[in-house]
Amino acid sequence: MLVRSLTMVTALVLGLTGCILNVNSAGRVDFDYHKQTQLTLEAQALDTLVADTGAGSLKIVGDAAVESITLEADIYGYDGVEPELTLTRSGSKAKLVANFDAYRSNGHSPYIDLLVKVPAGMKLDIHDGSGSIIIRGVQADMEIEDGSGSIEVDGGNRLTIDDGSGSITLTNISGDVQVNDGSGSLTIAAVQGDVEIEDGSGAIEVRGVKGKVSIDDGSGGISVVDTQGLHIIEAGSGSLSFDNIQGQVSID
């Protein structure tokens, strides 16, 4: 099968390099092609990565030793349907776009799996459509807005998440955590700051928080252990248990 070359939306940016590798998609019955792409952007004078991503998994790895942002993309799509995939500089921000226009064939939408490596101190501002998100080794502030799919974050400073559906696991956060979650289980552990949770449905487990914990929940069990205070605004339906709370406990 003829594999068409990827049409890239590119920008003339100092320090940006890219290469495209077409991969034989034999054996894949769902899509016409599988292509691999790599992009690199020098991170000098950049403090934030702003990512606008659609369907597909997103993995971001922070590394204090790196001085550039590198992207590896696995693209699965159909002939005649090309993605927008760019990594550009805008002032002090790096902007990543990885998306297909709305398209569906036999129930399968095209998607892009991403592996992104960034300096550990780079802030993240993520707007994601669907697919899992994994972030490790980043020590800066993060804002995540996600439609659906699981979220796992290990590390980071101040963390804000607005999520539609999917499980969330957050560990080793050095600042405050704010989570607005529609549905799916939520696990938070080892946080140095305060934790605020507004949750629709799904089990909530919080442990090892050096600050105060505030929870407004619709449904699902709640377990809180080892914090410096607990405020239950609304427990909804489901069990409620707490232990080793060093500060005040209040239930509205």
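For the structure, check the block above.
Residues numbered from 1 in each chain as written. Predicted model: local features only at pLDDT ≥ 70, side-chain atom pairs only at ≥ 80, totals over all residues. Heavy atoms only, no water.

Colleague: Any chance you could explain the side chain of D181 here in plain terms?
Modeller: With respect to the secondary-structure elements, D181 resides in strand β15 (residues 177-183). Within the buried set, D181 has no salt-bridge partner at all; the shortest N-O distance to an opposite charge, 15 Å, is to R207. Apart from the residues within four sequence positions on either side, D181 is in contact with D163, G164, G166, I168, E198, D199, G200 and S201. (Helix = DSSP H or I, 4+ residues; strand = E, 2+ residues; numbered from the N terminus. Buried < 20%, exposed > 50% of the residue type's maximum accessible area, 1.4 Å probe, protein only. Lys, Arg positive; Asp, Glu negative; His and termini not counted. Salt bridge = Lys/Arg side-chain N within 4 Å of Asp/Glu carboxyl O. Contact = heavy atoms within 4.5 Å.)

Colleague: Got a minute to help me understand a nonpolar patch on the surface in this structure?
Modeller: On the surface, L240, F242, V249 and I251 cluster together to form a nonpolar patch covering roughly 310 Å² of accessible area. Of all the elements in the fold, those that place two or more residues in the nonpolar patch are β22 (240-245) and β23 (249-251). The residue V249 is located in strand β23 in this model. The partly exposed category is assigned to V249, whose relative accessible area is 33%. (Patch = residues over 30% accessible without salt bridge, like charges linked within 9 Å, V, L, I, M, F, W, Y side chains within 5 Å. Areas by Shrake-Rupley, 256 points an atom, 1.4 Å probe, with all protein chains shown as cover.)

Colleague: What should I look at first to understand the pairing of strand β6 (residues 84-90) in this one?
Modeller: It is a general feature of regular strands that their side chains alternate between the two faces of the sheet. Here β6 pairs with strand β7 (residues 93-99) via seven bridges, running antiparallel. By the bridge assignment, T86 is partnered in β7 with V97. (Pairing = 2+ DSSP bridges.)

Colleague: How should I be thinking about the environment of S165 in this particular structure?
Modeller: With respect to the helices and strands, S165 occurs in strand β13 (residues 159-165). Each C-alpha atom of the pair S165 and D181 lies 7.0 Å from the other, and the pair is 16 residues apart in sequence. Those residues in contact with S165 that sit more than four places away from it in its chain are D146, G147, S148, G149 and S183.

Colleague: Would you take a moment to explain the nonpolar core for this structure?
Modeller: Inside soluble globular proteins, nonpolar side chains tend to come together where they are buried. One finds L114, V116, I135 and I188 to be the most contacted residues of the largest nonpolar core, which totals 61 residues. Looking at this core element by element, the count peaks at five residues for strand β5 (residues 68-77). (Core = buried A, V, L, I, M, F, W, Y, C linked by side-chain atoms within 4.5 Å.)

Colleague: Quick question: what am I supposed to make of the sheet that holds β13 here?
Modeller: Strands pair in a sheet through their backbones, by hydrogen bonds, and they do so in one of two ways: parallel or antiparallel. Pairing is mixed in the open sheet, where 11 strands are placed in the order β6-β7-β3-β9-β11-β13-β15-β17-β19-β21-β23. At either margin of the open sheet sits one strand with a lone partner, and together these are β6 and β23. The sheet shows a mean angle of 5 degrees between the axes of neighbouring strands, taken without regard to direction. Sheet topology places strand β21 (residues 230-234) next to β23; three bridges connect them, and they run parallel. Paired with L230 across the bridge in β23 is V249. (Axes fitted to C-alpha atoms, helices over the stretch in contact; angles between N-to-C directions.)

Colleague: Sorry, what's going on with unusual backbone geometry here?
Modeller: Peptide bonds are, in most cases, trans, and in most cases residues other than glycine have a negative phi. Not every positive phi belongs to a glycine, and A45 is a case in point at roughly 70 degrees. Here A45 is to be found in the loop between β2 (33-42) and β3 (48-55).

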